[in-house]
Amino acid sequence: MQEQRFTEKDWKLFRRKIADWQESYMNRLNREYIAILSEDASPSDKFWKLDKRIKEDKKNAGVQLRMSRTNLIYNIISLLNEGAISFGDLEDFSDGLKETVGAFLDR
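Below is a summary of the structure that appears in this document. (Residues numbered from 1 in each chain as written. Predicted model: local features only at pLDDT ≥ 70, side-chain atom pairs only at ≥ 80, totals over all residues. Heavy atoms only, no water.)

## Topic: the nonpolar core
Right, so step 1: Counting 24 residues, the largest nonpolar core has Phe14, Trp21, Ile76, Leu79, Leu90, Leu97 and Val101 as the members making the most contacts within it.
Right, so step 2: Listing elements by their share of this core, those giving two or more residues are helix H1 (8–37), helix H3 (72–82) and helix H4 (95–106).
Right, so step 3: At nine residues, the largest contribution of residues to this core is made by H1. (Core = buried A, V, L, I, M, F, W, Y, C linked by side-chain atoms within 4.5 Å. Buried < 20%, exposed > 50% of the residue type's maximum accessible area, 1.4 Å probe, protein only. Helix = DSSP H or I, 4+ residues; strand = E, 2+ residues; numbered from the N terminus.)

The structure is reproduced here in structure tokens:
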């Protein structure tokens, strides 16, 4: 049923774009990590704060995700919710995919 919510072109486009989206997201995370390490705190406090943050961030779709057609819509929603991408990043995708994603986000 989910296959009806997006096209083959959407799936191929997602596969082409995901690496760049993830690299951009991880670049932003790296800048945030640098800010943590630059804080005026003890080395151990900074270390453990960064360790906790990295463990949390590794679970995000912006860092790693399960690539499958059945997860496409859910992966896009996760990327949007995490701020890894914006709705504008979906402009090249089909109207059906954008409508489906929009409906999930409006819930």
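## Side note on helix H2 (residues 43–57)
Right, so step 1: Compared with the 21 Å implied by 1.5 Å per residue over 15 residues, the 21 Å span of H2 between its first and last C-alpha is a close match.
Right, so step 2: Restricting attention to buried positions, one finds in H2 the residues Lys46, Leu50 and Asp57. Relative to the axis of H2, the buried residues are bounded by an arc of 30 degrees and lie together on one face. With respect to the buried face of H2, the exposed residues turned more than 90 degrees away are Asp45, Trp48 and Lys52.
Right, so step 3: Looking at the buried residues of H2, the elements they touch are H1. (Expected span 1.5 Å × (residues − 1). Arc of directions from axis to C-beta. Contact = heavy atoms within 4.5 Å.)

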